[in-house]
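Working through the structure, step by step
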Amino acid sequence: EIQAFSCRLRGWCTTVCCWLGFAADGTSEQQSSMDSFQQYVGEFRDLAKRPRSFLTQVLNLGCIVFSALMLWKGLMVVTKSESPVVVVLSGSMEPGLQRGDILFLTLFSEPFKPGDIVVFQIEGRDIPIVHRMMNVHEKADGKLAMLTKGDNNQVDDRGLYAARQLFLSKKEIMGRAQAYLPYVGMVTIWLNDYPWLKYVLIGSMGFFVIIGRE
């Protein structure tokens, strides 16, 4: 199954690159890409003339999308984190974590301690932050007050918190890092930096699923 998916992905990427004109070798390659494009359009038109087959392929696409959503929801339940997988977007945690690394988070009941790498989100900010726990204080009422800092930063994160906020509370913690994959998340960064690429890739994948191409 992994090999089959890799073949599909290579086919999608090759076709998208041809559409964008990234292929070399001049006129012959451009003509080949145009022929491929016309072939795919022809297959789509033929499929559109068969409503039952077209509906089946659309339902297949829907099943793929809902399966991905169910997998994400399942990870949220298992890890108890609202965002069990995140991508490091900056270099503030270098050299331990690099931009583009993928982190796997959990939010189990074990206590936080200095040295933990956590992901937190400040109210009013859209993008979560991945930094290390510096200090953890437990108040008399049992509530936690936590201070974080990026390994590559000179000062703590109080300048990143909300106005007049000195510490984080537990409700702002999205999860604690348990494992990571280096650089795999660069694809996500590219898609965010170039939104048109996101639409091209998603659209082309959906198109190939609908016409039944591997």
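Source: prediction; values computed, not measured.

**Quick notes on the overall build of the protein chain**
In terms of regular secondary structure, the protein chain is built from five helices and six strands. In the protein chain, the succession of α and β elements from N to C terminus is α-α-α-β-β-β-β-β-β-α-α. Here the analysis covers contacts within the protein chain between residues at least 6 apart in sequence; of these, 56% occur between residues at least 24 apart. Carbon together with sulfur atoms contributes 61% to the accessible area of the protein chain, which is approximately 14000 Å² in total.

**Regarding the confidence of the model for the protein chain**
Confidence in the prediction for the protein chain averages 82 pLDDT; 76% of positions are at 70 or higher. Across residues 1-6 the pLDDT falls below 50, and counting only partners more than four positions away or on other chains, this stretch makes zero contacts in the model.

**Focus on the pattern of salt bridges**
In this structure the tally under the stated criterion is six salt bridges. Put simply, E110, K113, D116 and R176 are held in one network by salt bridges that share partners.

**Some details on the side chain of T79**
Inspection of the secondary structure puts T79 in helix α3 (residues 51-79). At a separation of 2.7 Å, a polar atom in the side chain of T79 contacts the main-chain carbonyl oxygen of L75. Beyond its immediate stretch of four places on either side in the chain, T79 contacts P84, L105, T106, L107 and F108.

**Some words on the nonpolar core**
Ranked by size, the top nonpolar core spans 11 residues in total: F112, V118, F120, I122, I129, M133, M146, L147, Y161, L168 and I173. Looking at this core, the elements that each hand over two or more residues are β3 (117-120), β4 (129-138) and β5 (144-149). For F112, the residues in contact, after removing those within four places along its chain, are L107, V118, M133, V136, L144, M146, K170, I173 and R176. If you look at the next biggest cluster of nonpolar residues, it comprises 10 residues, including M93, I117, V130 and M174.

**A few points about the packing of aromatic side chains**
A full pass over the atoms with the stated rule returns one aromatic pair. Where F120 meets Y161, the ring centres are 6.1 Å apart and the plane angle is 80°; that geometry is what we call edge-to-face. Of this pair, F120 sits in strand β3 while Y161 is found in the loop between β5 and β6 (173-181), placing the two residues 41 residues apart along the sequence. Residue Y161 is classed as buried on the basis of its relative accessible area of 4%. Taking the ring centre of F167 as reference, the NZ or CZ of R158 above it sits at 4.9 Å.

**A closer look at the pairing of β5**
Counted residue by residue, β5 has five buried out of six residues, so it is predominantly covered. Sheet topology note: the β4/β5 ladder contains six bridges and is antiparallel. Opposite H137, over in β5, you have A145 as the bridge partner. Hairpin connection of β4 to β5: five residues between the antiparallel strands, including G142 at a positive phi of 90°.

**Brief notes about a nonpolar patch on the surface**
Taken together, V187, W190, Y194 and W196 make up a surface patch of nonpolar side chains, about 450 Å² in accessible area. Mapping W190 onto the fold places it in helix α4 (residues 186-193). Here W190 falls in the partly exposed class, since its relative accessible area comes to 45%.

Reading the values: the criteria
- Residues numbered from 1 in each chain as written.
- Predicted model: local features only at pLDDT ≥ 70, side-chain atom pairs only at ≥ 80, totals over all residues.
- Heavy atoms only, no water.
- Helix = DSSP H or I, 4+ residues; strand = E, 2+ residues; numbered from the N terminus.
- Contact = heavy atoms within 4.5 Å.
- Areas by Shrake-Rupley, 256 points an atom, 1.4 Å probe, with all protein chains shown as cover.
- pLDDT = per-residue confidence, 0-100.
- Salt bridge = Lys/Arg side-chain N within 4 Å of Asp/Glu carboxyl O.
- Polar contact = N/O pair within 3.5 Å; in protein donor to acceptor, adjacent residues only side chain to side chain.
- Core = buried A, V, L, I, M, F, W, Y, C linked by side-chain atoms within 4.5 Å.
- Buried < 20%, exposed > 50% of the residue type's maximum accessible area, 1.4 Å probe, protein only.
- Phe/Tyr/Trp six-rings, centres within 6.5 Å; stacked < 30°, edge-to-face > 60°.
- Lys NZ or Arg CZ within 6 Å of the ring centre and 35° of its normal.
- Pairing = 2+ DSSP bridges.
- Patch = residues over 30% accessible without salt bridge, like charges linked within 9 Å, V, L, I, M, F, W, Y side chains within 5 Å.

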